[in-house]
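# Report on the structure
Residue strings, one per chain:
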Amino acid sequence: MNHPKRYTITAALPYTNGPIHIGHLAGVYVPADIYARYLRLVGKDVAFICGSDEHGVPITIKAKKEGVTPQDIVDKYHAIIKTSFEDFGISFDNYSRTSAKIHHDTAQEFFKTLYNKGEFIEETTEQLYDAEADQFLADRFVTGTCPKCGNEEAYGDQCEKCGSSLNATDLINPKSAITGNVPSLKQTKHWFLPLDKHEAFLKEWILEGHKKDWKPNVYGQVKSWIDDGLRPRAVTRDLDWGIPVPVEGADGKVLYVWFDAPIGYISSTKEWADRVGKDWEPYWKDKDTKLVHFIGKDNIVFHCIIFPAMLKAEGSYILPDNVPANEFLNLEGNKLSTSKNWAVWLPEYLEDFPNQQDVLRYALTANAPETKDNDFTWKDFQARNNNELVAIFGNFINRVVVLTDKYYDGVVPEASEFSTVDQETLAALKAYPDVIASSIERYRFREASQELLNLARLGNKYLADEEPWKLVKTDEVRTKTIMFVALQIASALATLSEPFLPFTADKLKSILGIDATENPANNSWKDITSKDVLLPTGHQIGKAELLFSKIEDDTIQQQLDKLVASKKANEVANKKVEPQKDTITFEDFSKLDMRVGTIIEAEKMPKANKLLVLKVDTGIDVRTIVSGIAESFTPEDVIGKRVTVLVNLAPRALRGVESQGMILMTEAEDGALVFVNPDTTTGAKVPNGLHIS
Ligand SMILES: [Zn+2]
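Calculation rules
Residues numbered from 1 in each chain as written. Predicted model: local features only at pLDDT ≥ 70, side-chain atom pairs only at ≥ 80, totals over all residues. Heavy atoms only, no water. Pairing = 2+ DSSP bridges. Helix = DSSP H or I, 4+ residues; strand = E, 2+ residues; numbered from the N terminus. Disulfide = S-S within 2.5 Å. Buried < 20%, exposed > 50% of the residue type's maximum accessible area, 1.4 Å probe, protein only. UniProt positions renumbered as here; feature names shortened; annotations may be inferred. Salt bridge = Lys/Arg side-chain N within 4 Å of Asp/Glu carboxyl O. Polar contact = N/O pair within 3.5 Å; in protein donor to acceptor, adjacent residues only side chain to side chain. Contact = heavy atoms within 4.5 Å. Axes fitted to C-alpha atoms, helices over the stretch in contact; angles between N-to-C directions. Parallel < 35°, antiparallel > 145°, perpendicular 65-115°, else oblique. Nonpolar A, V, L, I, M, F, W, Y, C, P; charged D, E, K, R; others polar.

Our focus in this paragraph is the sheet that holds strand 8 (residues 172-176). Read across the open sheet, the three strands follow the order 7-6-8; overall the sheet is antiparallel. Whereas interior strands pair on both sides, the edge strands pair on one side only; in this sheet they are strand 7 (154-155) and strand 8. Note that strand 6 (residues 142-145) and strand 8 share three bridges and pair antiparallel. Looking at the pairing, Val142 lines up with Ser176 of strand 8.

Our next topic: the state of the cysteines. Under the definition given, this model contains zero disulfides. Here Cys50 is not cross-linked by a disulfide; its sulfur's nearest cysteine counterpart is in Cys304, at 17 Å. For Cys50, a relative accessible area of 0% corresponds to the buried category.

Per the UniProt entry, the sites bearing "short sequence motif: 'HIGH' region" (unreviewed entry) are residues 14-24 in this numbering. For the annotated span residues 14-24, helix accounts for 27% and strand for 0% of the residues, and the straight-line distance between the end C-alpha atoms is 8 Å.

Considering all chains together, one arrives at 39 salt bridges under this definition. Measuring nitrogen to oxygen at the nearest pair gives 3.5 Å for the salt bridge that ties Asp288 to Lys5. Of this pair, Asp288 sits in the loop between helix 8 (282-285) and strand 13 (289-294) while Lys5 is found in the segment before strand 1 (6-11), placing the two residues 283 residues apart along the sequence. Taking the relative accessible area as the measure of exposure, Asp288 reaches 33% and is therefore partly exposed. Residue Lys5 is classed as exposed on the basis of its relative accessible area of 54%. Notably, a salt bridge pairs Asp33 with Arg361, separated by 2.7 Å at the nearest N-O pair. Pair noted here: Asp33 is in helix 1 (residues 22-41) and Arg361 is in helix 11 (residues 357-366), with a separation of 328 residues, a long-range link. Through salt bridges with shared partners, a single network forms among Asp33, Arg37, Arg361 and Glu498.

Attention shifts here to the side chain of Ser659. Here Ser659 shows up in strand 22 (residues 657-659). Assessed through its relative accessible area of 6%, Ser659 is described here as buried. Only 3.5 Å separates the side chain of Ser659 from the backbone oxygen of Gly661, close enough to count as a polar contact. The contact partners of Ser659, leaving out residues within four places of it in the chain, are Thr624, Ile625, Val626, Pro651, Arg652 and Leu654.

Looking now at the packing of helix 11 against helix 17 (residues 502-511). One can describe the packing of helix 11 onto helix 17 by two numbers: an axis separation of 7 Å at closest approach and a directional angle of 125°. Comparing the axis directions of helix 11 and helix 17 gives the class oblique. Here Gln357, Asp358 and Arg361 of helix 11 come into contact with helix 17, specifically with Pro502, Phe503 and Thr504. Considered class by class, the residues forming the contact of helix 11 with helix 17 number two nonpolar, two polar and two charged.

Right under this line is the structure:
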């Protein structure tokens with residue numbers, strides 16, 4: 001679409017069973033925000049829409065676990081998530097929630113339209129049923145083995161390992177997530193959207209129509225879905241949490257969360273339009289509207305196949321022009337995980353890095369997982385801040401403002417004749433809005449962020465080459481011209497940085513004295529190219545303030561330590577209890593001869609990381625025992641230790657050293673080995689024979 005009249009931009013509705021982490025921000029919300037802010041700066045009519053996704057099974061499971069209602073869960077996380085978005089400057093025009101009445105009404109109406117048009121198949125099928133819980137099992141209520149990849153922990157709606165979308169009845173060895181019981185089959189009636197019926201349209205619209213302009217990762221996934229063959233998909237569920245199915249004979253049934261959630265974009269748009277006194281319909285129904293869905297790759301099928309099929313079936317809606325889904329962001333080499341607490345949570349980030357939202361926004365953009373999965377590391381975060389934001393962007397602005405203050409009391413000086421370098425620099429400056437815009441419009445936000453930095457580099461190089469701090473002593477006229485040119489670059493940065501670094505842009509505008517919207521020197525995106533003077537002679541700027549500050553190594557180390565701690569805590573929490581071994585007889589037990597010994601010598605086994613060679617006084621004799629404890633203890637740690645020894649274990653050679661017994665060990669919570677430590681004297685017997693009573 002070349003000249004859209006307006007833009008409807010949606011960002012994936014976050015699911016309200018936890019706070020937001022950096023993966024969400026990098027994958028969806030920062031790129032969507034950059035896009036929306038940019039479009040507003042070039043004067044476009046934009047509706048940037050989002051809201052909380054508050055239905056579905058995981059919320060009900062969490063509520064059950066915590067002994068509260070689903071409404072309690074969604075109220076809590078809706079508030080936390082909304083605050084995080086505000087804190088990080090995500091500039092939604094409306095942030096709604098799917099438990100809102102306007103959404104229930106909109107989703108029910110949408111369902112009824114499709115129902116009345118005969119777009120659904122009504123079918124009674126056998127579904128998995130947990131008799132003890134008196135509940136049908138679908139989605140996250142049931143786990144089992146994925147029929148496609150063999151993953152034993154696949155859910156009833158999706159296998160997270162291979163990404164396959166599943167029906168609960170596809171699972172091999174299904175198990176109820178509520179009671180752990182093996183479910184039975186029971187008949188129930190549901191409504192299905194026959195995706196197979198829309199296959200021809202989807203092929204033509206995406207596979208032919210969007211071959212060139214959609215991202216290869218998105219196009220590829222859609223193609224493999226369509227090539228696999230599409231099947232009817234249930235749009236209703238047997239559940240008591242959600243939007244009631246608005247037809248007769250549907251008691252106890254709600255709309256499937258994936259049917260109602262994308263309609264949330266529409267209801268959120270309605271809520272916004274009501275509030276600001278606009279008509280919502282053109283934003284969803286006018287062919288001159290460009291609809292763009294920002295999502296993560298796990299949502300591609302819903303936004304590229306199911307929702308478009310719903311919109312098409314309804315008949316009065318436009319279809320998305322693009323769905324620029326990102327891949328996943330990893331954290332320090334591991335997959336981000338809410339359940340494993342392997343994440344950087346936004347509220348925690350702000351506690352540790354107050355007022356440094358833009359640093360995270362920038363680091364996540366410069367390293368965004370646009371075409372493949374990418375890794376967030378704290379070292380890279382530090383380098384992006386110190387080497388780019390501080391050393392390039394911040395440094396340039398600081399020099400310009402400090403020198404202007406020092407030489408001219410903060411008043412923009414008058415330029416005389418421009419040298420060739422000045423003219424080239426100003427011409428290069430005028431080209432930047434188009435260069436950055438072109439990257440943004442092609443959803444290449446990483447590239448766009450680097451072009452912004454290049455403009456600051458241009459400024460730094462200009463100052464370094466022209467050296468006004470030297471010329472000021474000899475050539476006042478030339479110095480004024482140089483500072484005038486540098487101030488124009490600073491002014492352009494204040495506008496062009498806004499989509500990426502909104503807090504910094506505000507601060508910079510205030511430093512440059514152009515923060516009021518009606519100020520003629522508060523330039524729009526296009527002004528940078530079209531106006532000859534961005535910051536006029538005589539304009540008063542303010543005092544220098546640091547835009548960014550250096551992040552030290554120990555600050556980064558603290559973050560790394562925090563991650564290691566949460567990894568350990570998680571390992572402890574998820575530790576599996578080994579099942580009890582087969583029963584033994586008392587005779588078997590009494591065969592064990594255990595004594596208290598003292599380690600009198602210890603050394604490392606050469607070329608073996610885990611083994612220590614010990615000399616142990618058992619009270620019977622002093623003998624050699626090879627023990628696999630070298631990862632937990634040094635030889636010095638163990639000399640003199642009193643230990644429990646199984647002395648009648650058949651000797652066995654380890655790396656050529658004969659080991660005559662075994663020292664009993666156990667494990668601490670963090671996995672470190674601990675001696676089974678008798679508080680008695682060497683040689684004492686551990687009673688397991690006739691003395692036991
Ligand atoms: Zn699988």
